[in-house]
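Okay, here's what each chain looks like letter by letter:
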Amino acid sequence: MGERRVDEPLREEHRTVVITGASRGLGFASAKHLYDRGWQVVAAMRSPDAGLARLREATGARDDDDRLIGVPLDLGDPASIDAAAKAIEAAVGVPYAVVHNAGISAAGMVEESPLELWQNMFQTHVMGPVQLTQALLPGMRAAGRGRIVMVSSQGGVRGMPAIAAYSASKGALERWAESMAGEIAPFGLGVTVLVTGVFDTDIITDEGTTDNRDLDGPYTALHTTINKRGRLAIRIAKKPAKFARALAKALEDTAPYTKHPVGPDAHMLVLSSRVLPQAAMHHMSRIAMGIPRQGAIRDGTAALTASQRLMIRAATVVPAPVMQRIALLIMKLQSAPKQSAQESENHG
Ligand SMILES: NC(=O)c1ccc[n+]([C@@H]2O[C@H](COP(=O)([O-])OP(=O)(O)OC[C@H]3O[C@@H](n4cnc5c(N)ncnc54)[C@H](OP(=O)(O)O)[C@@H]3O)[C@@H](O)[C@H]2O)c1
């Protein structure tokens, strides 16, 4: 028996999906794609008036179409989450799937990022989604079927420099997903983590990111290289519709726990993190981001040149008197061109 093709009609019981952050970006593209494929979509968002109108325009859904429902949801506000859970239950009963997609991003080193940012990150990516899940789980558990999807990131697989708060909260989201999968699988439910690569949405733009970087502080050199490499990565950003197709496929999963990279960059990272030791992963991400090696800018000094590093290494194996002679010779060689230039100036 072959597997069901992705474009075949869905079974009746697979039809309702709640997507958070459906107003823009990946959530919007996913809401449209799943609606087009026959799902009943509950589009949860902070401003459903404007967001739902855009979704109706994109899908061609009429105002009275009960396959496209907007629900107000602000993950930063526990009262709003509570009200959203009640509105979802009133509108569709028990959903088959919940996609925790809403998210925020911020740039800045740990020292530069205020605690409020950390709180906001964890509220948006962990505490808020946990609260919504707690409210919806009793119904889903009783139904004995369904899937909870977490939209994670490469920063959730391994902590990335300059986005520690984001990485930490996405990592926490993944650990939460793994724990919960063990708890709810016996009731017939499953959990999926989508390790999302770079996609062309607001979150990767300067306007869509909170910027806490101190560009005149001790991390200036790092910011400069990370910024350059980051902008190169953005050039290969994929279209949100590609993510939406991957989500639709993931919603077909039946295993208790699944984890899928989405996008070539995420595939590469997930594969590398499976085969390489953590120390190697550290260096790989350091090199990819153009970050100098350990100690290279200690006390604000410039990085050592290759020949200086070679001298230091040689000093650990060559006897001291020989090293002194080599050092004298190098000094002579280095001053020779200056001397000859001086001499020719004097004779000129
Ligand atoms: N695009 C990428 O390259 C990429 C890579 C890795 C992971 N991801 C993840 O993919 C998910 C979607 O991001 P995106 O790329 O689509 O970004 P986006 O275009 O900036 O959209 C973010 C969405 O999250 C919503 N949101 C933010 N804070 C919220 C809150 N407190 N309550 C409710 N909704 C909130 C926004 O709603 P408003 O319109 O009201 O602001 C918006 O709908 C995020 O979890 C992100 O971490 C994206």
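This report concerns the structure included in the present document. All values derive from a computational prediction rather than experimental measurement.

### Remarks on the overall build of the chain
Each helix and strand counted, the chain has 12 helices and 9 strands in total. A separation threshold of at least 6 residues defines the contact pool for the chain, and within that pool the share at least 24 residues apart is 75%.

### Let's talk about the nonpolar core
Judged by nonpolar contacts, the single largest core of 61 residues is most densely connected at Val-17, Val-41, Ala-43 and Ala-44. If you tally residues by element for this core, the top one is helix α1 (residues 25–36), at 6 residues. Residues contacting Ala-44, with those up to four places away along its chain left out, are Val-18, Ile-19, Thr-20, Ala-22, Val-71, Leu-73 and Ala-84. Counting 11 residues, the second-largest nonpolar core is a separate cluster that includes Ala-107, Ala-162, Ile-163 and Ala-164.

### So, the site of the ligand
Neighbouring residues of the ligand: 29 residues in total, closest Gly-21, Gly-25, Gly-103, Thr-201 and Ile-203. The set of elements that each furnish at least two residues to the shell around the ligand consists of α1 and β6 (146–153). Broken down by element, the residue count for the shell around the ligand peaks at 3 residues, all from α1. Residues of the shell around the ligand, tallied by class, amount to 11 nonpolar, 14 polar and 4 charged.

### Some remarks on the sheet that holds strand β2 (residues 40–45)
The strand order across the open sheet formed by 7 strands is β3-β2-β1-β4-β6-β7-β9, and the pairing between neighbours is parallel. Either end of the sheet is taken by a strand with one partner, and the two such strands are β3 (68–72) and β9 (257–262). Strand after strand, the sheet turns through a mean of 20° between neighbouring axes, direction not considered. Pairing analysis gives 3 bridges linking strand β1 (residues 16–20) to strand β4 (residues 97–100), with the strands arranged parallel. Each bridged residue has a counterpart across the sheet, and for Val-18 the counterpart in β4 is Val-98. Strands β1, β2, β3, β4 and β6 of the sheet are contacted by α1, whose axis makes an angle of about 165° with β1.

### Brief notes about unusual backbone geometry
A negative phi angle characterises most non-glycine residues, just as the trans form characterises most peptide bonds. If you check the backbone angles, Ala-162 has positive phi at about 75° while not being a glycine. Residue Ala-162 is classed as buried on the basis of its 23 C-beta neighbours within 10 Å.

### A look at helix α3 (residues 78–92)
Here α3 is 15 residues long and its end C-alpha atoms lie 21 Å apart, about the 21 Å a rise of 1.5 Å per residue gives. Listed in full, the buried residues belonging to α3 are Ile-81, Ala-84, Ala-85, Ile-88 and Val-92. In an axial view of α3, the angular spread of the buried residues amounts to 100°, which keeps them on one side of the axis. With respect to the buried face of α3, the exposed residues turned more than 90 degrees away are Ala-79, Lys-86 and Ala-90. Two residues or fewer after α3 comes Gly-93, characterised by a positive phi angle close to 75°.

What counts and how
Residues numbered from 1 in each chain as written. Predicted model: local features only at pLDDT ≥ 70, side-chain atom pairs only at ≥ 80, totals over all residues. Helix = DSSP H or I, 4+ residues; strand = E, 2+ residues; numbered from the N terminus. Contact = placed C-beta atoms within 7 Å. Core = buried A, V, L, I, M, F, W, Y, C linked by C-beta atoms within 7 Å. Buried ≥ 20, exposed ≤ 12 C-beta atoms within 10 Å, placed from the backbone. Near = placed C-beta within 6 Å. Nonpolar A, V, L, I, M, F, W, Y, C, P; charged D, E, K, R; others polar. Pairing = 2+ DSSP bridges. Axes fitted to C-alpha atoms, helices over the stretch in contact; angles between N-to-C directions. Expected span 1.5 Å × (residues − 1). Arc of directions from axis to C-beta.

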